[in-house]
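Here is how the chains run, residue by residue.
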Amino acid sequence: MPSPPRVDRSFLERYEFLIPLGLFLVFLILTLPGISWGGLSGWHPDEIVVRSIKALHGQWQFDEINFDYPSLPQYVMFGLGKVILGLGYTDLEVLIASRVLSAVLAGLTIVLVYFITRRLAGMFTFQA
């Protein structure tokens, strides 16, 4: 019995993982260069990480009266800040590390949306 004809898949079909990886890297390349903008000068005073830095020094308590920001990111940045300060760095490094973390998580949403879209598209593909 002859074997079925071999179908060569295109480059993007074989290496589909490169698409979301490339989008993720492009996002980081565009986002990370300005990550330290404003520093601790207060140019962006309502940024969530500023609250976390204040909480590290006992000047702020989470979930007091303002529910604009969810608790999970505040506590994650608070924990990251504890580690950064424990390593002997300053508040500026806490701010930068928290912004990098936020950028990475935002970039990962691109990857997540890509795979969700691919899965949904596969559900509605009809083959005759």
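Our structure is the block above this text.
The structure contained in this document is the topic of the report that follows. (Residues numbered from 1 in each chain as written. Predicted model: local features only at pLDDT ≥ 70, side-chain atom pairs only at ≥ 80, totals over all residues. Heavy atoms only, no water.)

1. Structural notes on the overall build of the protein chain
Assigned secondary structure in the protein chain consists of 5 helices and 0 strands. Seen in sequence order, the protein chain has helices and strands lined up from the N terminus as α-α-α-α-α. Looking at the protein chain as a whole, 23% of its 128 residues qualify as buried. Within the protein chain, residue pairs in contact and separated by at least 24 positions form 60% of the contacts whose partners lie at least 6 positions apart. In the form shown here, the protein chain has an accessible surface area of approximately 9500 Å², with 67% of it arising from carbon and sulfur atoms. (Helix = DSSP H or I, 4+ residues; strand = E, 2+ residues; numbered from the N terminus. Buried < 20%, exposed > 50% of the residue type's maximum accessible area, 1.4 Å probe, protein only. Contact = heavy atoms within 4.5 Å. Areas by Shrake-Rupley, 256 points an atom, 1.4 Å probe, with all protein chains shown as cover.)

2. Observations regarding the nonpolar core
Grouped together as the largest cluster of nonpolar side chains are 9 residues: Ile 48, Val 49, Ile 53, Leu 56, Met 77, Ile 84, Val 94, Leu 95 and Ala 97. Elements with a minimum of two residues in this core: α3 (48-56), α4 (71-86) and α5 (91-123). Take this core: its biggest share by element is 4 residues, from α3. Setting aside its immediate chain neighbours within four residues, Ala 97 contacts Leu 80 and Ile 84. Core analysis: the next-biggest nonpolar cluster, separate from the first, contains 5 residues, Leu 28, Ile 35, Ala 103 and Val 111 among them. (Core = buried A, V, L, I, M, F, W, Y, C linked by side-chain atoms within 4.5 Å.)

3. Concerning the packing of aromatic side chains
Tallied over the full model, the rule gives 3 aromatic pairs. One aromatic cluster in this structure is built from Phe 11, Tyr 15 and Phe 17. (Phe/Tyr/Trp six-rings, centres within 6.5 Å; stacked < 30°, edge-to-face > 60°.)

4. Regarding helix α2 (residues 18-31)
Taking 1.5 Å as the rise per residue, α2 with 14 residues should run 20 Å; its terminal C-alpha atoms sit 19 Å apart, in good agreement. Of the surrounding elements, those touching the buried residues of α2 are α5. (Expected span 1.5 Å × (residues − 1).)

5. Section: the pattern of salt bridges
The final tally for this structure, using the stated rule, is 1 salt bridge. Here Arg 118 ties to Glu 16 by a salt bridge, and the two come within 2.4 Å at their closest N and O atoms. Of this pair, Arg 118 sits in helix α5 while Glu 16 sits in the loop between α1 (11-14) and α2, placing them 102 residues apart in sequence. (Salt bridge = Lys/Arg side-chain N within 4 Å of Asp/Glu carboxyl O.)

6. Comments concerning the side chain of Ser 98
With respect to the helices and strands, Ser 98 occurs in helix α5. Residue classification places Ser 98 among the buried positions, given a relative accessible area of 1%. Contacts of Ser 98, omitting those with residues within four sequence positions, involve Val 49, Met 77 and Leu 80.

7. Details of a nonpolar patch on the surface
On the surface, Phe 11, Leu 12, Tyr 15, Phe 17, Leu 18, Leu 21, Leu 25 and Ile 29 cluster together to form a nonpolar patch covering roughly 770 Å² of accessible area. Every element with two or more residues in the nonpolar patch is listed here: α1 and α2. Top element by residues in the nonpolar patch is α2. It accounts for 4 residues. (Patch = residues over 30% accessible without salt bridge, like charges linked within 9 Å, V, L, I, M, F, W, Y side chains within 5 Å.)

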